[in-house]
Amino acid sequence: MTPTAVGVLRRGEPFTASVTDGAWLHVTTASGITGWVDDGDLRRDDGLRPN
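Sequence order as written defines the numbering, with residues in each chain counted from 1. Only residues with pLDDT of at least 70 get local features here, since the model is predicted, and only at 80 or more are side-chain atom pairs given and counted; chain-wide, interface and lining totals rely on the full set of residues. Each side-chain value is worked out from all heavy atoms of the structure, with water and hydrogens disregarded.

## Description of the overall build of the protein
Logical step 1: In this text, helices come from DSSP runs of H or I with a minimum length of four residues, and strands from runs of E with a minimum of two, each type numbered from the N-terminal end. The secondary structure content of the protein amounts to 0 helices and 3 strands.
Logical step 2: Any residue under 20% of the maximum accessible area for its type is buried, any over 50% is exposed, and the rest in between are partly exposed; the area is computed with a 1.4 Å probe on protein chains only. Going through the 51 residues of the protein one by one, you find that 10% of them count as buried.
Logical step 3: If you take every contact in the protein between residues at least 6 apart in sequence, the share linking residues at least 24 apart comes to 19%.
Logical step 4: Accessible surface is estimated by sampling points in the Shrake-Rupley manner with a 1.4 Å probe; for residues, cover comes only from the protein chains shown. Looking at the protein as shown, the accessible area adds up to about 4600 Å², and 52% of this sits on carbon and sulfur atoms. In this description, contact between two residues means that some pair of their heavy atoms is separated by no more than 4.5 Å.

In structure tokens form, the structure reads like this:
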């Protein structure tokens, strides 16, 4: 099964990660879109703040 893109996380866009499954994070954006992101595609921000 090939994953289907439901959106794009833009640099600086806030999101919450709720579940991890190996290298994948289940995220919800501030606008309510949910989906899975490969954590290898994310870059940590020095300004991270807990939600």
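After that view, the rundown keeps rolling.
## Details of the confidence of the model for the protein
Logical step 1: Confidence scores per residue from the predictor, reported as pLDDT, run from 0 to 100. Averaged over the protein, the pLDDT score is 81; the fraction of residues at 70 or greater is 82%.
Logical step 2: Across the protein, the element-wise mean pLDDT spans from 88 in strand β1 (residues 15–21) up to 90 in strand β2 (residues 24–29).

## Points about the pairing of β1
A regular strand carries its side chains on alternate faces of the sheet.
Logical step 1: Any two strands between which DSSP finds at least two bridges are classified as paired. Here β1 pairs with β2 via 6 bridges, running antiparallel. Along β2, the bridge assignment pairs Phe-15 with Thr-29.
Logical step 2: Hairpin connection of β1 to β2: 2 residues between the antiparallel strands, including Gly-22 at a positive phi of 65°.

## Here's the deal with the environment of Thr-29
Logical step 1: Tracing the backbone shows Thr-29 in strand β2.
Logical step 2: Thr-29 gets classed as buried once you look at its relative accessible area, which sits at 11%.
Logical step 3: Spatially, the C-alpha atom of Thr-29 lies 6.2 Å from that of Pro-14, the residues being 15 residues apart in sequence.
Logical step 4: Not counting chain neighbours up to four residues away, the residues in contact with Thr-29 comprise Leu-9, Glu-13, Pro-14 and Phe-15.
Logical step 5: Polar contact is the term for a pair of N or O atoms within 3.5 Å; when the atoms are in protein, one must be able to donate a hydrogen and the other to accept it, and sequence-neighboring residues count only if both atoms are side-chain atoms. A polar contact is formed between the side chain of Thr-29 and the side chain of Ser-31, at a distance of 3.0 Å.

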